[in-house]
Amino acid sequence: MTVVCRARSAVVFLCAALVWAGSIGCRQDDAPPPAAAPPVATTAPAFDTPLPPYTKYLAGLRICLDPGHGGDAHRPNYKRGPTGLREAEVNLAVAQHLRDLLEVSGASVIMTRTQDVCLHAEDEEDLRLRAELANRSGCDLLVSIHHNAGPPQANYSSVWYHADVDHSPASLDVARYVATALLDELRLPDQLGVPVLSDQLVYPRSGFRLLRLARVPAILCELSFHSNPEQETRLRDPNYLRREARALFTGLARYAFGGVPRVRLIEPADGVVSTSGQDQVVIELDDGLRSRKSWGWERRLILKDSIIVRVDDTKWPYMFDEQSNRVSLYLPRRAPGSVRIGIQFENLFKHSNTRPWLTLQVRPSPS
Ligand SMILES: [Zn+2]
């Protein structure tokens, strides 16, 4: 049975809406335009080109890939290039190539879809289900894969994050690497001065539903414009789709090379504190690099001044032990319920930790 998707997808609208803003921004940044656009790279490296050695640091990462759209073949002129190439099919093919590359490198991959379907007939529900799948999978990253649409001449890459730059620093880490790799590998005729963009440029209050609902670092990539006639021709070539996948892969691998910092609750081991405010909370900061035991690994690889501790959104005093890489703090007296502790820090590569929030239970002190 064919699952039907409706057209009111926030992400769908993006593909047309951002073009105008993006095109205008590009002209402003790069004016006057170059006399001749640089050539588009069409000779992709062979698919069996040896992978760079740093791709091994993808091993153990858990990445959720979201090929945008799907299940919309019955809709005339919906998300199609000038000669009818469907974005949903291209997104899926790129995601599948990327999955293969990631799995060869030891990452585990969760796909929001592996066929030409959507997850729900209602677009908003479809996007909610995709975000929920990523959130429940325990993945480290969510990468949504799209192709853009706009005026026939437009053709550039963009990578989108949710809300403000402070919202999820780890998402920006991934976005920067992926955006740069897309420029390196695709060499499209146009580029934005800053190709990493907030989804609130399109939807000022809400941003994109998928990114808004994600509880893990998340980016949405508009790899190229399927509405551009020349680009649509390239996107019909399976080797070119591998090239796009390889660009995403390179960006993710470079990110992994810089380490994926995380936090881990040490005390209280059971995640329960008392209402008295006497409990010490100890949290270990994993810089994502020490475990490699590379030269100098014993030194501090965390930028001390980057550490920020929050208790329920209020910045909070803490102690940091450089030997153990542990942060300790005392919570105030509080009513029974729960308390959220946010820890944010950067490692030597300026990578922020991926899951900054811990939730502890607060129970009455024993009498
Ligand atoms: Zn799209």
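Rules of the game
- Residues numbered from 1 in each chain as written.
- Predicted model: local features only at pLDDT ≥ 70, side-chain atom pairs only at ≥ 80, totals over all residues.
- Heavy atoms only, no water.
- Pairing = 2+ DSSP bridges.
- Helix = DSSP H or I, 4+ residues; strand = E, 2+ residues; numbered from the N terminus.
- Right-handed = clockwise from strand over helix to strand, strands pointing away.
- Axes fitted to C-alpha atoms, helices over the stretch in contact; angles between N-to-C directions.
- Contact = heavy atoms within 4.5 Å.
- Core = buried A, V, L, I, M, F, W, Y, C linked by side-chain atoms within 4.5 Å.
- Buried < 20%, exposed > 50% of the residue type's maximum accessible area, 1.4 Å probe, protein only.
- Expected span 1.5 Å × (residues − 1).
- Polar contact = N/O pair within 3.5 Å; in protein donor to acceptor, adjacent residues only side chain to side chain.
- pLDDT = per-residue confidence, 0-100.

1. Notes on the pairing of strand S2 (residues 108-111)
In terms of strand pairing, strand S1 (residues 62-67) meets S2 through 4 bridges, oriented parallel. The residue of S2 that forms the bridge with Arg62 is Ser108. Taking the sense of rotation as the criterion, the β-α-β connection linking S1, helix H2 (residues 87-104) and S2 turns out right-handed.

2. Quick look at the sheet that holds strand S14 (residues 337-344)
Spatial strand order, S8-S15-S14-S10-S11: 5 strands in an open sheet with mixed pairing. Two strands in the sheet have a free side with no partner beyond their single neighbour: strand S8 (272-274) and strand S11 (314-315). The sheet contact formed by S8 and strand S15 (residues 357-363) spans 3 bridges and is parallel. Each bridged residue has a counterpart across the sheet, and for Val273 the counterpart in S15 is Val362.

3. A short note on the sheet that holds strand S3 (residues 141-148)
Reading across from one edge, S2-S1-S3-S6-S4-S5 is the order of the 6 strands in this open sheet, with mixed pairing throughout. Unpaired on one side and paired on the other, S2 and strand S5 (196-198) mark the two borders of the sheet. Ignoring strand direction, the axes of neighbouring strands in this sheet form an average angle of 30°. Looking at chain direction, S3 and strand S6 (residues 218-225) are connected through 6 bridges and run parallel. In the strand pairing of S6, His146 is matched with Glu222. Across the sheet, helix H3 (residues 123-136) lies against S1, S2 and S3, angled at about 170° from S1, the strand it touches most. Where helix H4 (residues 169-186) meets the sheet, it contacts S3, strand S4 (158-161), S5 and S6, and its direction lies at approximately 15° from that of S6.

4. Examining the nonpolar core
One finds Leu58, Ile63, Leu98, Leu102, Val178, Leu248 and Leu252 to be the most contacted residues of the largest nonpolar core, which totals 46 residues. For this core, the secondary structure elements donating two or more residues are S1, H2, S2, S3, S4, H4, S6 and helix H7 (238-257). Counting residues per element, this core draws most heavily on H7, at 10 residues. In this view, Leu102 contacts Leu58, Ile63, Leu65, Ala107, Val109, Phe249 and Leu252; residues no more than four positions away in its chain are not counted. One finds Cys64, Ala154, Val202 and Phe225 within the second-largest nonpolar core, a separate group that totals 21 residues.

5. Regarding H7
With 20 residues, H7 should reach 28 Å at 1.5 Å per residue; the first-to-last C-alpha distance of 28 Å fits that figure. Buried residues dominate H7, accounting for 15 of its 20 residues. Where H7 begins, the capping side chain belongs to Asp237, and its oxygen is found 2.9 Å from the backbone nitrogen of Asn239. Of the residues trailing H7, Gly259 is marked for its positive phi of about 85°.

6. Regarding the pairing of strand S13 (residues 326-330)
Of the pairings in the sheet, the one linking strand S9 (residues 280-286) to S13 comprises 5 bridges and is antiparallel in character. If you follow Ile283 over to S13, its bridge partner there is Val327. Note: strand S12 (residues 319-321) against S13, 3 bridges, orientation antiparallel. Each residue of the ladder has a partner; that of Met319, found in S13, is Ser328.

7. A closer look at the environment of Leu129
Position of Leu129 among the secondary structure elements: in helix H3. Leu129 gets classed as partly exposed once you look at its relative accessible area, which sits at 23%. Measuring from C-alpha to C-alpha, the distance between Leu129 and Leu119 comes to 6.8 Å, with 10 residues separating the pair along the chain. When neighbours within four sequence positions are excluded, Leu129 is seen to be in contact with Leu119 and His120.

8. Some words on the confidence of the model for the chain
Overall, the predicted model of the chain reaches an average pLDDT of 88, with 87% of residues at or above 70. Contacts for the low-pLDDT stretch residues 1-35, under 50 throughout, to residues beyond four places or in other chains number 89 contacts.

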